[in-house]
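# Observations on chain architecture
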Amino acid sequence: MSKGEQVLERLEKEKRELERQLATLRESLELQRTGLTELQDQRADAARALTTLSQRLATLEDQWTNLANFHVSVERLYLAESREDALAAIVEIVANLVGSEEVAIFEKGDDCLTLLLASGVSAEPLRRIPLGAGLIGSVASTGQRIVIHSRPLPNMSTPERYEHTLTACVPLLVRGHVTGTVAVFGML
């Protein structure tokens, strides 16, 4: 074998070895690309999970704040020293729990409801409501709460003009007897 042939053969071996190394490097590069893609997918999943957790934390913080406000309002009602303090605490509870600052509180008499407090609503049409008249009067007569846009109660009265924004009306009960009502108008 001549020297030129030997050089050519050595170069051919080196070429094959370099091609083998290149193929190994290409396989390694492809594995690394696949691993990188998987890591990017995991990173995107983690980012989505973090966003979801952040939103959940914000929701829980809001709920905690609402619960703390509600607790303060209930404690204020419990510690009320006068009727006016108790009525103001009820309005605060409705605002914090239900989300409405349009509230009317009534006391039940023999034949009618008498307005004790109107907050955020006109007091004039609500001063005296005959028992059984309209939705508010029906609640005082029957003791059944009314939530507008839920299923209608049997024999539910026709709403009066002043009840067009009524959202809910609940009876105030003492030992099972209706002593008044809380009417909630318009939601925030």
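It should be noted that the structure appears before, not after, this text.
Residues numbered from 1 in each chain as written. Predicted model: local features only at pLDDT ≥ 70, side-chain atom pairs only at ≥ 80, totals over all residues. Heavy atoms only, no water.

### Some remarks on the overall build of the protein chain
- A tally of helices and strands in the protein chain yields three helices and six strands.
- Going residue by residue from the N terminus, the α and β elements of the protein chain occur as α-α-β-β-β-α-β-β-β.
- Taken against the 2.2 N^0.38 rule, which gives 16 Å for 188 residues, the C-alpha radius of gyration of the protein chain at 37 Å runs more than 25% over that of a compact globule.
- Structurally, the protein chain occupies a C-alpha span of about 130 × 40 × 30 Å along its principal axes.
- When the 188 residues of the protein chain are sorted by exposure, 22% land in the buried category.
- If you take every contact in the protein chain between residues at least 6 apart in sequence, the share linking residues at least 24 apart comes to 40%.
- Measuring between centres, the 20 positive side-chain charges of the protein chain sit 7 Å from its 26 negative side-chain charges. (Helix = DSSP H or I, 4+ residues; strand = E, 2+ residues; numbered from the N terminus. Rg over C-alpha atoms; globule rule 2.2 N^0.38 Å. Buried < 20%, exposed > 50% of the residue type's maximum accessible area, 1.4 Å probe, protein only. Contact = heavy atoms within 4.5 Å. Lys, Arg positive; Asp, Glu negative; His and termini not counted. Charge placed at Lys NZ, Arg CZ, Asp CG, Glu CD.)

### Brief notes about the pairing of strand S5 (residues 166-174)
- Pairing geometry for strand S4 (residues 146-147) and S5, over two bridges, is antiparallel. Counted as the bridge partner of Val147 is Ala168 from S5.
- Pairing of S5 with strand S6 (residues 177-185) involves eight bridges; the strand directions are antiparallel. Opposite Val174, over in S6, you have His177 as the bridge partner.
- Between S5 and S6, which pair antiparallel one after the other, the connecting turn spans two residues, and Arg175 there sits at a positive phi close to 50°. (Pairing = 2+ DSSP bridges.)

### Concerning the side chain of Ser138
- Counting through the fold element by element, Ser138 comes out in helix H3 (residues 134-142).
- When neighbours within four sequence positions are excluded, Ser138 is seen to be in contact with Gly132, Ala133, Gly143 and Ser157.

### Overview of H3
- Among the nine residues that make up H3, seven are buried, leaving the element largely enclosed by the rest of the structure.
- Residues of H3 that are buried include every one of Gly134, Leu135, Ile136, Gly137, Ser138, Val139 and Ala140, and no others.
- At its buried positions, H3 is contacted by strand S1 (102-108), strand S2 (112-119), strand S3 (128-130), S4, S5 and S6.
- One or two residues past the end of H3 sits Gly143, with phi positive at roughly 80°.

### Quick notes on the side chain of Ser73
- Turning to its location among the elements, Ser73 is positioned in helix H1 (residues 3-78).
- Apart from residues lying up to four places away in sequence, Ser73 is in contact with Ala89, Glu92, Ile93 and Asn96.

### Some words on the environment of His177
- Along the chain, the position of His177 falls in strand S6.
- Spatially, the C-alpha atom of His177 lies 15 Å from that of Gly132, the residues being 45 residues apart in sequence.

### Considerations on the environment of Ile90
- The topology assignment puts Ile90 in helix H2 (residues 83-97).
- Here the alpha-carbon distance between Ile90 and Val182, two residues 92 residues apart in the chain, equals 8.8 Å.
- Residues contacting Ile90, with those up to four places away along its chain left out, are Leu77, Ile105 and Val182.

### Remarks on the sheet that holds S2
- The strand order across the open sheet formed by six strands is S3-S2-S1-S6-S5-S4, and the pairing between neighbours is antiparallel. The outermost strands of the open sheet, each flanked by one partner alone, are S3 and S4.
- Contacts between H2 and the sheet are confined to S1, S2 and S6, with S1 contributing the most and set at about 135° to the helix.
- Relative to the sheet, H3 contacts S1, S2, S3, S4, S5 and S6, its axis offset from that of S6 by approximately 150°. (Axes fitted to C-alpha atoms, helices over the stretch in contact; angles between N-to-C directions.)

### Focus: the packing of H1 against H2
- In contact at an axis separation of 8 Å, H1 and H2 are set at 165° when each is read in the N-to-C sense. Considered as vectors, H1 and H2 are oriented roughly antiparallel to each other. Like other packed secondary-structure pairs, H1 and H2 cross with a definite hand, here left-handed. Across the interface between the two elements, Asn69, Phe70, Ser73, Val74, Arg76 and Leu77 from H1 touch Ala86, Ala88, Ala89, Ile90, Glu92, Ile93, Asn96 and Leu97 from H2.
- Broken down by class, the residue content of the contact of H1 with H2 amounts to nine nonpolar, three polar and two charged. (Parallel < 35°, antiparallel > 145°, perpendicular 65-115°, else oblique. Left-handed = near helix turned anticlockwise from the far one by under 90°. Nonpolar A, V, L, I, M, F, W, Y, C, P; charged D, E, K, R; others polar.)

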